[in-house]
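Commentary on secondary and tertiary structure
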There are 2 protein chains.
Amino acid sequence: MNHIITISREFGSGGRELGRRLAEKLGYAYYDREIVEEIAARSELSVHYVNDILEHKPAFSFPIHTGASFLMTDAIWNPTQTIYSTQCDILKEMAEKSDCVVVGRCSDHILRNFDPLRVFVYAQMPHRIERCREKQPDEQRTDRQLARMIKNIDKHRAKYYEFFTDRKWGDKRHYDICINTSAIDVKRAADMLAHLVTSSKK
Amino acid sequence: MNHIITISREFGSGGRELGRRLAEKLGYAYYDREIVEEIAARSELSVHYVNDILEHKPAFSFPIHTGASFLMTDAIWNPTQTIYSTQCDILKEMAEKSDCVVVGRCSDHILRNFDPLRVFVYAQMPHRIERCREKQPDEQRTDRQLARMIKNIDKHRAKYYEFFTDRKWGDKRHYDICINTSAIDVKRAADMLAHLVTSSKK
């Protein structure tokens, strides 16, 4: 069986960068936005819309349809479930293909039969705000506004996760290791996890 | 400033063994039961009584007094606070002395000004029960009874911690790294943490 590492992360904690660095160090495939693009391609929905459903608005809203004709299909009226189901197929195919690091997308739950190393990445709010500013130097929002935005995104991630997994997002009991990147920076965390994996595979 | 690692742990998760192994690997001092003995010596209370207060019954109970005469002192009537205060003094002295690993005793909070690496160790209940049986091969209790005992000890640890720190025990936000020893065994966890520390000190 391939070796799978799933990274769940709070917005602004650096989980995505950690995943990328870890995959590079281990020579594993890395899946993140590729999943959204693949879901969009298979379901004939726009990348923007799929991303919205996955990250921000897991609800029954009216999609921007890119290809197929306008039919009363499940893909239109039940987009959240359709996207989730497509996502499950894609993730399992990816996990069958090679060792990989997968960021987000309920991958810890969807790939549970692959016995993944399940990582949760979190950080204190000031650290996450600082990180947002580094990534978007022209950010105009105040710290308070940014904190509200960050909390909002996490709230949606939690809702989405809980809806499909029936588990509390971020509850340490569902992960093998939780890393606070306010204290252990992303590079060190990636290095530490690479050491853990190479010293003896889980 | 010396480098301090604090290990908080659920009962039966192997946190104590992890701390010992980590200290050995790093060549750091290791403090665990030594703290109880030192508290007992300084407060002239029995080791058994101090341990009871710290681990099991943080309450106002009548102590078994070992040395001093029977006076209506704080040490008799307010043993929980007295023990905590002595514990604070001892931990700070230990942290001043050398690099060290400290297990339990609210050390993450008491030594916060030493900027410790704060580790929380946890595990799923079946794993903890199994560990208890390994440590006590003549254990007669059923799994259900053992689970109740484990939960009870953790409940007291949580109460004690929360009383003195005003924080939720085990909440990942108060730790730098949380390790689930059901998935990452104690030896690998110690090796990983030693790598983290030696690769670049926090």
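Shown above is the structure to which this text applies.
The residue numbers shown here count from 1 along each chain, following its written sequence. Chain letters and ligand numbers both follow the written order, the letters beginning at A and the numbers at 1. Local features are withheld for residues below a pLDDT of 70 in this predicted model, meaning they are given only at 70 or higher, and side-chain atom pairs are given and counted only at 80 or more; totals for whole chains, interfaces and linings count all residues.

**As for the packing of helix H1 (residues 15–26) of chain A against helix H9 (residues 186–199) of chain A**
All names here are of chain A. Inclusion rule: Here an axis means a line fitted to C-alpha atoms, over the contact stretch when the element is a helix, while the angle between two N-to-C directions is reported on a 0 to 180 degree scale. The numbering of helices and of strands both runs from the N terminus, where a helix is a DSSP run of H or I of at least 4 residues and a strand a run of E of at least 2. Working definition: roughly parallel below 35 degrees, roughly antiparallel above 145 degrees, roughly perpendicular at 65 to 115 degrees, and oblique for all remaining angles. The handedness criterion is simple: a crossing whose near helix is rotated anticlockwise from the far helix by less than a right angle is left-handed, and one whose near helix is rotated clockwise is right-handed. Contacts are defined on C-beta atoms placed from the backbone: any two residues whose C-beta positions lie within 7 Å are in contact.
At a closest axis distance of 9 Å, the pairing of H1 and H9 adopts a crossing angle of 40 degrees. Here H1 is positioned oblique relative to H9, judged by the angle of their axes. H9 is crossed by H1, and the crossing has right-handed handedness. Where H1 approaches H9, its residues Glu17, Leu18, Arg21, Leu22, Lys25 and Leu26 are matched on the opposing element by Val186, Lys187, Ala189, Ala190, Leu193, Ala194 and Val197.

**Describing the relation of the copies chain B and chain A**
One copy of the chain maps onto the other through a rotation about an axis plus a displacement along that axis. Under the convention used in this document: Least squares is the method used to superpose the copies, on C-alpha atoms of residues holding a pLDDT of at least 70 in both.
When chain B is fitted to chain A, the best match, at an RMSD of 0.0 Å, comes from turning it 180 degrees and sliding it 0.0 Å along the axis. Those values place the two copies in the arrangement expected of a two-fold rotation axis. The position closest to the rotation axis in chain B is occupied by the C-alpha of B:Cys178, lying 2.5 Å away. Looking at chain B, 100% of its interface residues are interface residues in chain A too, so the copies touch through the same face.

**Notes on the interface of chain B and chain A**
Put simply, the rule reads: Put simply, Ala, Val, Leu, Ile, Met, Phe, Trp, Tyr, Cys and Pro go in the nonpolar bin, Asp, Glu, Lys and Arg in the charged bin, and everything else, Gly too, in the polar bin. A pair of strands is considered paired only if DSSP assigns at least 2 bridges between the two.
Facing 18 residues of chain B, the contacting portion of chain A comprises 18 residues. Contributing elements (two or more residues each) for the side of chain B that touches chain A: strand E5 (177–180) and helix H9 (186–199) of chain B. With six residues, H9(B) is the largest single contributor of residues to the side of chain B that touches chain A. In the side of chain B that touches chain A, the residues fall into nine nonpolar, four polar and five charged. Examined bridge by bridge, strand E5 (residues 177–180) of chain A and E5(B) share three bridges and lie antiparallel to one another. Across the sheet, residue A:Ile179 finds its bridge partner in E5(B), namely B:Ile177.

**Regarding the nonpolar core**
As a reminder of what qualifies: What makes a nonpolar core is a set of buried Ala, Val, Leu, Ile, Met, Phe, Trp, Tyr and Cys residues, with links drawn between C-beta atoms within 7 Å. Around each residue's C-beta, the other C-beta atoms within 10 Å are counted; 20 or more make the residue buried, 12 or fewer make it exposed, and counts in between make it partly exposed. All C-beta atoms are placed from the backbone.
Counting residues in hydrophobic clusters, the biggest one holds 99 residues, and the most contacted among them are A:Val119, B:Val50 and B:Val119. Among residues more than four places away in sequence, those in contact with B:Val50 are B:Val36, B:Ile39, B:Ala40, B:Leu45 and B:Ile83.

**Focus: the environment of A:Pro79**
Examined against the element boundaries, A:Pro79 turns out to sit in helix H5 (residues 79–97). Taking C-alpha positions, A:Pro79 is 24 Å from A:Glu10, a pair spaced 69 residues apart along the chain.

**Quick notes on the sheet that holds strand E4 (residues 117–122) of chain B**
Adjacent strands of a sheet pair through backbone hydrogen bonds, lying either parallel or antiparallel. The strand order E2(A)-E3(A)-E1(A)-E4(A)-E5(A)-E5(B)-E4(B)-E1(B)-E3(B)-E2(B) describes an open sheet built from ten strands, whose pairing is mixed. The open sheet terminates on both sides in strands that have one partner only, identified here as strand E2 (29–31) of chain A together with strand E2 (29–31) of chain B. For this sheet the average axis-to-axis angle between neighbouring strands, irrespective of direction, equals 15 degrees. For strand E1 (residues 4–9) of chain B and strand E3 (residues 100–103) of chain B, the ladder comprises four bridges, and the chain directions are parallel. Opposite B:Thr6, over in E3(B), you have B:Val102 as the bridge partner.

**Regarding the packing of helix H7 (residues 125–135) of chain A against helix H8 (residues 143–165) of chain A**
All names here are of chain A. At a closest axis distance of 10 Å, the pairing of H7 and H8 adopts a crossing angle of 100 degrees. On the basis of their axis angle, the class for H7 and H8 is roughly perpendicular. Packed against H7, whose contacting residues are Met125, Arg128, Ile129 and Cys132, the element H8 presents Asp143, Leu146, Ala147 and Ile150 at the interface. Considered class by class, the residues forming the contact of H7 with H8 number six nonpolar, no polar and two charged.

**Concerning the pairing of strand E4 (residues 117–122) of chain A**
Residues and elements named next belong to chain A. Counting buried positions over the six residues of E4 gives six, a clear majority of the element. Residue alternation in E4 divides its side chains into two sets, Leu117, Val119 and Val121 and Arg118, Phe120 and Tyr122, and both sets are buried. Two strands pair when backbone bridges link them, and strand E1 (residues 4–9) and E4 are joined in this way by five bridges, in the parallel orientation. Across the sheet, the residue bridging to Ser8 is Phe120, located in E4. Sheet topology note: the E4/E5 ladder contains four bridges and is parallel. Each bridged residue has a counterpart across the sheet, and for Val119 the counterpart in E5 is Ile177.

**Observations concerning the environment of B:Ala23**
Residue and element names in this part refer to chain B. Of note, Ala23 is situated in helix H1 (residues 15–26). Judged by the 23 C-beta atoms lying within 10 Å of it, Ala23 is buried. Taking the C-alpha atoms as reference points, Ala23 and Ala147, 124 residues apart in sequence, are found 29 Å from one another. In this view, Ala23 contacts Tyr28, Ala29, Tyr30 and Val101; residues no more than four positions away in its chain are not counted.

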